[in-house]
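Letter by letter, the chains look like this.
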Amino acid sequence: MKCVRCKGKGIIYLKRHNAAFCQDCFLYYYKNQVKKNIKRHKMFDKKDKILVVISGGKDSMALWHILASEGYNVTGMYINLGIGHYSDKSQQVVESFAQKNGLELIVKDIKKEYGLDIYKLSKLLKRSTCSICGSIKRYLFNKVAYDGGFSAVATGHNLDDEAATLLGNVLSWEEGYLARQSPVLESTHPKLVKKVKPLYTLTERENLFYVLINKIEFLHDECPHAIGARSILYKEVLNRLEEESPGTKQRFITSFLEKGRRHFQDVYEKVELKECISCGQVTTTEICSFCRFVQILKQDA
Ligand code: FES
Ligand code: ZN
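Parameters at a glance
- Throughout this description, residue numbers start from 1 for each chain and increase along the sequence as written.
- The naming scheme follows written order: chains are lettered A onward, ligands numbered 1 onward.
- Where local features are concerned, this predicted model is filtered to residues with pLDDT of at least 70; where side-chain atom pairs are given and counted, the filter is 80 or more; whole-chain, interface and lining totals use all residues.
- Hydrogens and water molecules were not included; the side-chain quantities draw on all heavy atoms of the structure.
- Helix and strand definitions follow DSSP, with helices as H or I runs of at least four residues and strands as E runs of at least two, each counted in order from the N terminus.
- Here the globule rule is a power law, 2.2 Å times the number of residues to the power 0.38, and the radius of gyration is based on C-alpha atoms.
- Exposed residues in this analysis have more than 50% of their type's maximum accessible area, buried residues have under 20%, and partly exposed residues fall in between, with area computed by a 1.4 Å probe over protein chains only.
- Donor selection uses N, O and S atoms within 2.8 Å of the metal (3.2 Å for Na, K and Ca). Since no water is included, sites may look incomplete.
- Metal sites are grouped by the angles between bound donors: all angles between 85 and 135 degrees with four donors is tetrahedral, opposite donors over 155 degrees apart with the others between 65 and 115 is square planar for four donors and octahedral for six, and any other pattern is irregular.
- Helix span, as expected, comes to 1.5 Å for every residue beyond the first.
- Paired strands, as defined in this entry, are two strands with at least two bridges between them according to DSSP.
- Orienting the strands away from the viewer, one traces the path from the first strand over the helix to the second; a clockwise path indicates a right-handed crossover.
- Under the pairing criterion, centres of Phe, Tyr and Trp rings, with the six-membered ring standing for Trp, must be within 6.5 Å; the plane angle then separates stacked pairs below 30 degrees from edge-to-face pairs above 60, leaving the rest tilted.
- Remark: a charge is flagged as sitting over a ring if the NZ atom of Lys or the CZ atom of Arg is within 6 Å of the ring centre and within 35 degrees of the ring normal.
- Contact criterion: two residues are considered in contact whenever any of their non-hydrogen atoms come within 4.5 Å of each other.
- Here an axis means a line fitted to C-alpha atoms, over the contact stretch when the element is a helix, while the angle between two N-to-C directions is reported on a 0 to 180 degree scale.
- Take the far helix as the reference: if the near one is turned anticlockwise from it by less than a right angle, the crossing is left-handed, and if turned clockwise, right-handed.
- UniProt positions are given in the numbering used here, feature names are shortened, and annotations may be inferred rather than shown by experiment.
- The labels follow the angle: roughly parallel below 35 degrees, roughly antiparallel above 145, roughly perpendicular from 65 to 115, and oblique for the rest.
- Each nonpolar core is a collection of buried residues, namely Ala, Val, Leu, Ile, Met, Phe, Trp, Tyr and Cys, held together in the definition by side-chain atoms within 4.5 Å.
- Any Lys or Arg side-chain nitrogen located within 4 Å of an Asp or Glu carboxyl oxygen qualifies as a salt bridge.

## Description of the overall build of the protein chain
And then number 1: In terms of regular secondary structure, the protein chain is built from 13 helices and 10 strands.
And then number 2: Relative to the 2.2 N^0.38 estimate, which gives 19 Å for 301 residues, the radius of gyration of the protein chain is 20 Å and therefore close to what a compact globule would have.
And then number 3: For the protein chain, the spread of C-alpha atoms along the principal axes amounts to about 65 × 45 × 40 Å.
And then number 4: Counting the 301 residues in the protein chain, one finds 50% classified as buried.

Put into structure tokens, the structure is as follows:
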């Protein structure tokens, strides 16, 4: 197995590109992919202030590291969601990385700062902890980015995540979600900050290689609530397809972005956006779900 670039000894084989790379050339390939994605989709440039969403897992740690080493103006943001040991451990990993590398980090603790408890809310509202957690995260990332004057919120979504989400949305023709699935989600309201996914063409495995080569500490555990999630099943199905036909995931995503997504644009534009009467953040209802969560728990206390 020879490296396609320098002809030295290849250590990682990427089936979908039918190419092997040595360590240095893999890093070159990885960096190039990220740079290309940022440029192709006009995500941001060096003058922009970027808020990077950090969970402590390999994908977000890889994203934070590469953007910082490429000289982008990045600030990490971590939310402690009160998921026991998982949250404590991930916060430690993220804080120690920021400290060692002199990176800026914003930490929010939903229990301490807002009195939020995803388990109580899940019981009271009969909704899954993941969907409550998702609403809280989306709200806080946007609010912090908007209040702090950031130009974009960057997340570590990788090719596997994107393909699994797309498969799930296609299986039930979730038109609204299909309209919004993109590496760049431009702002549609002055208070909504643009969302970007610079790693959307890189796989989980490639992000893992990146963090291992760069000796970046990361949390190996997944969120305990992810166990049994549909997305994991979709990933398994896609991995099986990828094995038989390398490149399936990438084709699925790129052809959707090139040919499929535009058919859902009008669905996206129809959503009416308002400002929450309590906090002023963007919502589709009178009062946003975050403010509702805070109220519900206050009433229950
Ligand atoms: Fe939100 Fe797992 S990270 S429930
Ligand atoms: Zn609100």
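Now that the structure is up, let's keep going.
## Overview of the coordination of the zinc ion (ligand 2)
And then number 1: Only Cys 276 (SG), Cys 279 (SG), Cys 288 (SG) and Cys 291 (SG) from the protein coordinate the zinc ion (ligand 2), and they sit 2.2 to 2.4 Å from it.
And then number 2: Classification of the site at the zinc ion (ligand 2) as tetrahedral follows from its four donor atoms and the range of 105 to 115° in their angles at the metal.
And then number 3: The sequence pattern describing where the donors of the zinc ion (ligand 2) fall on their chain is C-x2-C-x8-C-x2-C.

## Points about helix H1 (residues 23-40)
And then number 1: Compared with an ideal rise of 1.5 Å per residue, which puts 18 residues at 26 Å, H1 spans 26 Å between its outermost C-alpha atoms and is within 8% of the ideal.
And then number 2: Among the residues of H1, those classed as buried are Cys 25, Phe 26, Tyr 29, Tyr 30, Gln 33, Val 34, Asn 37 and Ile 38.
And then number 3: The first or second residue beyond H1 is Lys 42, which carries a positive phi of 45°.

## A closer look at the pairing of strand S5 (residues 104-109)
In the case of a regular strand, side chains alternate between the two sheet surfaces.
And then number 1: Of the pairings in the sheet, the one linking strand S4 (residues 73-80) to S5 comprises six bridges and is parallel in character. Note that in S5 the partner of Asn 80 across the bridge is Asp 109.
And then number 2: Remark: the S4/helix H3 (residues 84-101)/S5 crossover connection has right-handed handedness.

## Observations concerning the packing of aromatic side chains
And then number 1: Overall, the coordinates contain 10 aromatic pairs when judged by the stated rule.
And then number 2: Pairing Phe 21 with Tyr 29 gives two aromatic rings, centres 5.0 Å apart and planes at 25°, and the pair type is stacked.
And then number 3: Connected via pairs of aromatic rings, a cluster forms that spans Phe 21, Phe 26, Tyr 29, Tyr 30, Phe 209 and Tyr 210.
And then number 4: Over the ring of Tyr 28 we find Arg 5; its NZ or CZ atom is 3.5 Å from the centre of that ring.

## Focus: the sheet that holds S5
And then number 1: Pairing in this open sheet of six strands is mixed, and the strands run S5-S4-S3-S6-S8-S7 from one edge to the other. Among the strands making up the open sheet, the edge pair consists of S5 and strand S7 (184-185).
And then number 2: On top of the sheet, H3 reaches S4 and S5; it is set at about 160° to S4, its chief contact.
And then number 3: Taken strand by strand, helix H6 (residues 129-147) contacts strand S3 (49-53), S4, S5, strand S6 (152-154) and strand S8 (194-196), and its axis lies near 145° from that of S4.

## A look at the packing of helix H5 (residues 118-125) against H6
And then number 1: One way to put it is that H5 packs onto H6 with a least axis distance of 9 Å and a crossing angle of 120°. As for the relative orientation of H5 and H6, their crossing is right-handed in sense. Judged by residue contacts, Ile 118, Tyr 119, Leu 121, Ser 122 and Leu 125 of H5 engage Thr 129, Ile 132, Cys 133 and Ile 136 from H6.

## Comments concerning the UniProt feature "domain: Rhodanese" (unreviewed entry) in the protein chain
And then number 1: The sites that carry the UniProt feature "domain: Rhodanese" (unreviewed entry) are, in the present numbering, residues 33-95.
And then number 2: With 51% helix and 21% strand, residues 33-95 has its two end C-alpha atoms placed 27 Å apart.

## Focus: the packing of H1 against helix H9 (residues 204-213)
And then number 1: H9 packs onto H1 with a crossing angle of 125° between their chain directions and a minimal axis gap of 11 Å. Between H1 and H9, the angle falls in the class oblique. Seen from above, H1 lies across H9 with left-handed handedness. Where H1 abuts H9, its residues Gln 23, Phe 26, Leu 27, Tyr 29 and Tyr 30 lie against Glu 206, Asn 207, Phe 209, Tyr 210 and Ile 213.

## Re the nonpolar core
And then number 1: Counting 75 residues, the largest nonpolar core has Tyr 30, Met 61, Trp 64 and Ile 136 as its most contacted members.
And then number 2: The element contributing the most residues to this core is H6, with eight residues.
And then number 3: Leaving out residues up to four positions away in the same chain, Tyr 30 has contacts with Ala 62, Ile 66, Leu 199, Leu 202, Glu 206, Asn 207 and Tyr 210.
And then number 4: Counting 13 residues, the second-largest nonpolar core is a separate cluster that includes Ala 163, Leu 178, Phe 256 and Phe 264.

## Quick word on the pattern of salt bridges
And then number 1: Within this structure, the stated rule accounts for 19 salt bridges.
And then number 2: For the salt bridge of Lys 249 with Asp 160, the shortest nitrogen-to-oxygen distance reads 2.7 Å. Of this pair, Lys 249 sits in helix H11 (residues 248-260) while Asp 160 is found in helix H7 (residues 159-171), placing the two residues 89 residues apart along the sequence. The same class applies to Lys 249 as to Asp 160, namely buried.
And then number 3: Note that Glu 162 and Lys 197 form a salt bridge whose closest N and O atoms lie 3.1 Å from each other. Of the two residues, Glu 162 is situated in helix H7 and Lys 197 in the loop between S8 and H9; the sequence distance between them amounts to 35 residues.

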